[in-house]
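Analysis of the macromolecular model
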Amino acid sequence: MVQSHGCFVWYELMTPDMEAARAFYADVLGWGARDASMPGLAYRVLTVEDTPVAGLMSLPEEARRAGVAPHWIGYVGVDDVDTAAMRVKALGGTVHVPPTDVVDISRFSIIADPEATTLALIKRLKPSEAPSTALAAPGRVGWHELLAANWEKAFAFYAALFGWQKAEAQQGAMGTYQQFSAAGETIGGMFTKPPTLPLPFWLFYFNVADIEAATRRVEAGGGEILYGPMEVPGGAWILHCADPQGAIFALLDRRVRKAVGYYVPGYPDRRK
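Residues numbered from 1 in each chain as written. Predicted model: local features only at pLDDT ≥ 70, side-chain atom pairs only at ≥ 80, totals over all residues. Heavy atoms only, no water.

1. Some remarks on the overall build of the chain
- Each helix and strand in the chain was counted, giving five helices and 16 strands.
- Counting every position in the chain, which comprises 272 residues, the buried fraction comes to 53%.
- Counting contacts in the chain only where the partners sit at least 6 residues apart, residues at least 24 apart contribute 62% of the total.
- For the chain, the accessible surface area stands at approximately 11,500 Å², while carbon and sulfur atoms represent 53% of it. (Helix = DSSP H or I, 4+ residues; strand = E, 2+ residues; numbered from the N terminus. Buried < 20%, exposed > 50% of the residue type's maximum accessible area, 1.4 Å probe, protein only. Contact = heavy atoms within 4.5 Å. Areas by Shrake-Rupley, 256 points an atom, 1.4 Å probe, with all protein chains shown as cover.)

Have a look at this one:
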């Protein structure tokens, strides 16, 4: 895969119990895992048929003490991490982790947009070894959704930083759901979150073949169903969940290959 500037290329789960999380996602999504630990850092690469799809690491103790909840974070590929990090600051965002090298693998930075939504920047040192980002591939992320404090301000930031373009927009009870594209492909959507969710966040949808069966696996594994299953505009089915440690994620059943529509969230905030 050739890395494209502005495309999501990696995902990581930060959790207080790596083994429990590994077992849960293995049951729900069929992921395998292989050890990729380095001195001082336990790390697992989660796989679909031995192809990397995400990373798993322990939520640092200092982050737990600061009240950071278990969560998923997405990594967006950029041509130059240092330049992009400087651009983040110029656009009113925050750089939480300055550009840092992972020896022989990548250079990355953890940032937040002006509404304090966390994301990561990354440039792989060997782009040819990067995992596939095909949206329809089983077990991989099929949609990226931003529940923003103000979607128009958020879109302006990401368009300036990554070059994202507006795609189809939908109107409904929650207002505008604005889809966006990167490298010519529609990869996600954003909307202004309801006041019942005090903090904005990114929600990642993992592809499943059968949403009903996946729902049963989530419940059997000790996860929580937050919303759905529900059919959305275009014919796809979605489910919003929390894993047993409290990290929020979503599942997507693409019975009809269409973009995902917006939803009305009715679950408690877990991003505090």
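2. So, the sheet that holds strand β13 (residues 201–207)
- The strand order β10-β11-β12-β9-β13-β16-β15-β14 describes an open sheet built from eight strands, whose pairing is mixed. A single partner strand is all that each edge strand has here, and the edge strands are β10 (165–172) and β14 (224–231). When the angles between neighbouring strand axes are averaged without regard to direction, this sheet yields 25 degrees.
- Each of β13 and β16 (248–253) touches helix α1 (residues 18–29); the most contacted strand, β16, lies at about 15 degrees to it. (Pairing = 2+ DSSP bridges. Axes fitted to C-alpha atoms, helices over the stretch in contact; angles between N-to-C directions.)

3. Some details on the nonpolar core
- Trp-72, Tyr-158, Trp-164 and Leu-251 are the most contacted members of the largest nonpolar core, which has 55 residues in total.
- The residues contacting Tyr-158, other than those within four sequence positions of it, are Asp-113, Thr-117, Leu-119, Leu-146, Gly-163, Trp-164, Met-190 and Trp-202.
- Membership of the second largest hydrophobic core comes to 17 residues, among which are Trp-143, Tyr-205, Ile-248 and Ala-250. (Core = buried A, V, L, I, M, F, W, Y, C linked by side-chain atoms within 4.5 Å.)

4. As for the packing of helix α3 (residues 81–90) against helix α4 (residues 151–162)
- One can describe the packing of α3 onto α4 by two numbers: an axis separation of 10 Å at closest approach and a directional angle of 150 degrees. In this view, α3 runs roughly antiparallel relative to α4, as classed from their interaxial angle. Of the two elements, α3 crosses α4, and the hand of that crossing is right-handed. Along its contact with α3, which presents Ala-84, Arg-87 and Val-88, the element α4 presents Phe-157, Ala-160 and Leu-161. (Parallel < 35°, antiparallel > 145°, perpendicular 65-115°, else oblique. Left-handed = near helix turned anticlockwise from the far one by under 90°.)

5. Focus: unusual backbone geometry
- Following Gly-228, the chain continues into Pro-229 via a peptide bond in cis, with omega recorded as 5 degrees.
- Counting through the fold element by element, Pro-229 comes out in strand β14.
- Not every positive phi belongs to a glycine, and Ala-183 is a case in point at roughly 55 degrees.
- Position of Ala-183 relative to the elements: it lies in the loop between β11 (175–182) and β12 (185–192).

6. Thoughts on the pattern of salt bridges
- Here the structure, examined in full by the defined rule, presents five salt bridges.
- The closest approach of N and O atoms between Asp-82 and Arg-107, which form a salt bridge, is 2.8 Å. Separated by 25 residues along the polypeptide, Asp-82 in helix α3 and Arg-107 in strand β7 (residues 106–112) bring together distant segments of the chain.
- Beyond isolated ion pairs, a larger network of salt bridges with shared partners links Asp-82, Asp-101 and Arg-107. (Salt bridge = Lys/Arg side-chain N within 4 Å of Asp/Glu carboxyl O.)

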